[in-house]
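Residues per chain, in single letters:
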Amino acid sequence: RSGRMEEVADKLVERMEAKEGKAEGKVKEVWSIMYRMFKLNKGDKDSRVRLFKHAVRGYFEGILVDAESEKLLSTVNVPDVCKTSLSDADLRRCASDVSKLRHDSRLSAESFVAGALIADSSRDYGARAVANLLHGIDLPRQSMSLWWNDSFWGSWKDFDYSLVLKHCQTAFAV
């Protein structure tokens, strides 16, 4: 019976990761559109608004922008949304933050994992919960009011979420 529960828990974690990955991609793409429009000072206001509407419609409807719009949009270099690597000092600070949060009573297994889930699943969820907190993302099983005023809340949002999650998972695996 616990084998079946493990399968279900693994499937749920897999689905949650896929959903979060898609959401992350969407946020980055919208950020790219907004950044380009902010930096683009060519043309009058009406043409910039038309270009913005076209880019957003293309994003939501999957329509490619026309060649002229694409050429204009490509004149703006879009930097990375966030830092994609950690220095040695960042790694030590991240490990310290994760360690402190891992032992925080607000993240005890009883407070955020349904009793039926097995230990491996709670460890996976714990790593994801800590990564979410460090990125300032609320947790579905806890009230944001527990965390939003905490010094850890959003303290790592300048770093790529996948990178922070990977380091949290490594810390939880120990």
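Residues numbered from 1 in each chain as written. Predicted model: local features only at pLDDT ≥ 70, side-chain atom pairs only at ≥ 80, totals over all residues. Heavy atoms only, no water.

Q: So what about the pattern of salt bridges? Which residues, and what values?
A: Pairing is possible between side chains of opposite charge, provided their charged atoms come close. In total, this model carries one salt bridge according to the counting rule given. We note a salt bridge from Glu 7 to Arg 4, for which the minimum N-O separation is 3.6 Å. Linking Glu 7 with Arg 4, this pair stays in helix H1 (residues 2–39), spanning three residues, or about one helical turn. (Salt bridge = Lys/Arg side-chain N within 4 Å of Asp/Glu carboxyl O. Helix = DSSP H or I, 4+ residues; strand = E, 2+ residues; numbered from the N terminus.)

Q: Describe helix H7 (residues 161–173), with residues and values.
A: Between the first and last C-alpha of H7 there are 18 Å, a value that for 13 residues agrees with the 18 Å anticipated at 1.5 Å per step. Those residues of H7 that fall on the buried side of the exposure criterion are Tyr 161, Leu 163, Val 164, Leu 165, Cys 168 and Phe 172. Its side-chain oxygen 3.3 Å from the backbone nitrogen of Ser 162, Asp 160 forms the N-cap of H7. (Expected span 1.5 Å × (residues − 1). Buried < 20%, exposed > 50% of the residue type's maximum accessible area, 1.4 Å probe, protein only. Polar contact = N/O pair within 3.5 Å; in protein donor to acceptor, adjacent residues only side chain to side chain.)

Q: Any chance you could break down the state of the cysteines for me, citing the residues and the numbers?
A: The final tally for this structure, using the stated rule, is zero disulfides. Cysteine Cys 94 shares no disulfide, and the gap to the nearest cysteine sulfur, in Cys 168, comes to 5.4 Å. A residue is classified by how much of its surface remains accessible, and Cys 94, at 3% relative accessible area, is buried. (Disulfide = S-S within 2.5 Å.)

Q: Can you lay out a negative patch on the surface for me, pointing to particular residues and giving the numbers?
A: A cluster of acidic residues, Glu 6, Asp 10, Glu 14 and Asp 124, forms a negative patch on the protein surface. Residue contributions to the negative patch peak at three residues, all from H1. Residue position: Glu 14 is located in helix H1. (Patch = residues over 30% accessible without salt bridge, like charges linked within 9 Å, V, L, I, M, F, W, Y side chains within 5 Å. Areas by Shrake-Rupley, 256 points an atom, 1.4 Å probe, with all protein chains shown as cover. Lys, Arg positive; Asp, Glu negative; His and termini not counted. Charge placed at Lys NZ, Arg CZ, Asp CG, Glu CD.)

Q: Please give an account of the confidence of the model for the protein chain that cites residues and values.
A: Close inspection of predicted coordinates is inappropriate in any region flagged by low pLDDT. Residue-level pLDDT values for the protein chain average 76, and 82% of them are 70 or greater. Confidence, expressed as mean pLDDT per element, reaches its minimum in the protein chain at helix H5 (residues 109–112) with 50 and its maximum at helix H4 (residues 88–102) with 89. Across residues 112–120, where pLDDT falls below 50, the model places 14 contacts with residues more than four positions away in sequence or in other chains. (pLDDT = per-residue confidence, 0-100. Contact = heavy atoms within 4.5 Å.)

Q: Got a sec to walk through the packing of aromatic side chains? Specific residues and values, please.
A: Taken as a whole, this structure holds one aromatic pair when the rule is applied. With centroids separated by 4.9 Å and ring planes inclined at 45°, the aromatic side chains of Trp 156 and Phe 159 adopt a geometry described as tilted. Across this residue pair, the class does not change: Trp 156 and Phe 159 are buried. One Lys or Arg, Arg 102, reaches over the ring of Phe 172 and ends 4.9 Å from the middle of that ring. (Phe/Tyr/Trp six-rings, centres within 6.5 Å; stacked < 30°, edge-to-face > 60°. Lys NZ or Arg CZ within 6 Å of the ring centre and 35° of its normal.)

Q: Please set out the environment of Ser 32 residue by residue, giving values where relevant.
A: Along the chain, Ser 32 falls in helix H1. Residue Ser 32 is classed as buried on the basis of its relative accessible area, which comes to 11%. For the pair Ser 32 and Val 78, spaced 46 residues apart in sequence, the C-alpha separation works out to 6.5 Å.

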